[in-house]
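Observations on the model geometry
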Amino acid sequence: MSQSQIVQARINKEIKEEASAVLANFGLSISDIIRVVLTRVANEKTIPAALFTSTPETLHAIYEVETNKTHSASSLEEMFQELNNDGE
């Protein structure tokens, strides 16, 4: 992977604080969400439509997928078994 670069942006203090609080509820930081969005823009060569239509839960799920923080099952049966066991 290439060397990391710093990205800076100016934004209203209240917006930054409110956004930080919302993102924190999903285990994300402002840096995390910027990485997700810029990575998608670079890969897709467009602004992600999900950015304009997604709920915070959807954005968090996208982040988890793009950062390989998801779980996979080897079969549909295993997936349902694990989903059913989550509630116990």
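In short, a report on the structure.

Bringing the layout of surface pockets into the picture now. Computed from the structure, the largest pocket encloses a volume of approximately 910 Å³. Counting residues per element, the ones that place at least two in the lining of the largest pocket are helix 1 (13-25), helix 2 (30-44) and helix 4 (56-66). In the lining of the largest pocket, the residues fall into 15 nonpolar, eight polar and five charged. Estimated volume of the second largest pocket: approximately 160 Å³. What lines the second largest pocket is simply Ala 19, Val 22, Leu 23, Phe 26, Leu 28, Ile 33, Pro 56, Leu 59 and His 60.

Now for the nonpolar core. With seven residues, the main nonpolar core is built from Leu 23, Leu 28, Ile 33, Val 36, Ala 50, Ile 62 and Tyr 63. At the level of secondary structure, the elements contributing two or more residues to this core comprise helix 2 and helix 4.

Before going further, it helps to examine helix 1. The terminal C-alpha atoms of helix 1, which comprises 13 residues, lie 19 Å apart, in line with the 18 Å expected from a rise of 1.5 Å per residue. Directly beyond the C-terminal end of helix 1, a positive phi value near 75 degrees is found at Gly 27.

Here we come to the pattern of salt bridges. This model, assessed by the stated rule, comprises four salt bridges. Note that Arg 35 and Asp 32 form a salt bridge whose closest N and O atoms lie 2.7 Å from each other. With Arg 35 and Asp 32 both in helix 2 and three residues apart, this pair spans about one turn of that helix. For Glu 44, the salt bridge is made with Arg 40, and the minimal N-O distance between the two is 2.9 Å. You can see Glu 44 and its partner Arg 40 sitting in helix 2, four residues apart, about one turn around the helix. Of the residues examined, Glu 44 reaches a relative accessible area of 37% and is grouped as partly exposed. Overall, the relative accessible area of 15% leaves Arg 40 in the buried class. Residues joined by salt bridges that share partners form a network here, namely Arg 40, Glu 44 and Glu 66.

What counts, and where the lines are drawn
Residues numbered from 1 in each chain as written. Predicted model: local features only at pLDDT ≥ 70, side-chain atom pairs only at ≥ 80, totals over all residues. Heavy atoms only, no water. 1 Å grid on protein atoms, 1.4 Å probe; cavity = no way out; pocket = protein on both sides within 12 Å on 5 of 7 lines; lining within 4 Å. Points joined across faces, edges and corners; volume = space filled by probe spheres on them. Helix = DSSP H or I, 4+ residues; strand = E, 2+ residues; numbered from the N terminus. Nonpolar A, V, L, I, M, F, W, Y, C, P; charged D, E, K, R; others polar. Core = buried A, V, L, I, M, F, W, Y, C linked by side-chain atoms within 4.5 Å. Buried < 20%, exposed > 50% of the residue type's maximum accessible area, 1.4 Å probe, protein only. Expected span 1.5 Å × (residues − 1). Salt bridge = Lys/Arg side-chain N within 4 Å of Asp/Glu carboxyl O.

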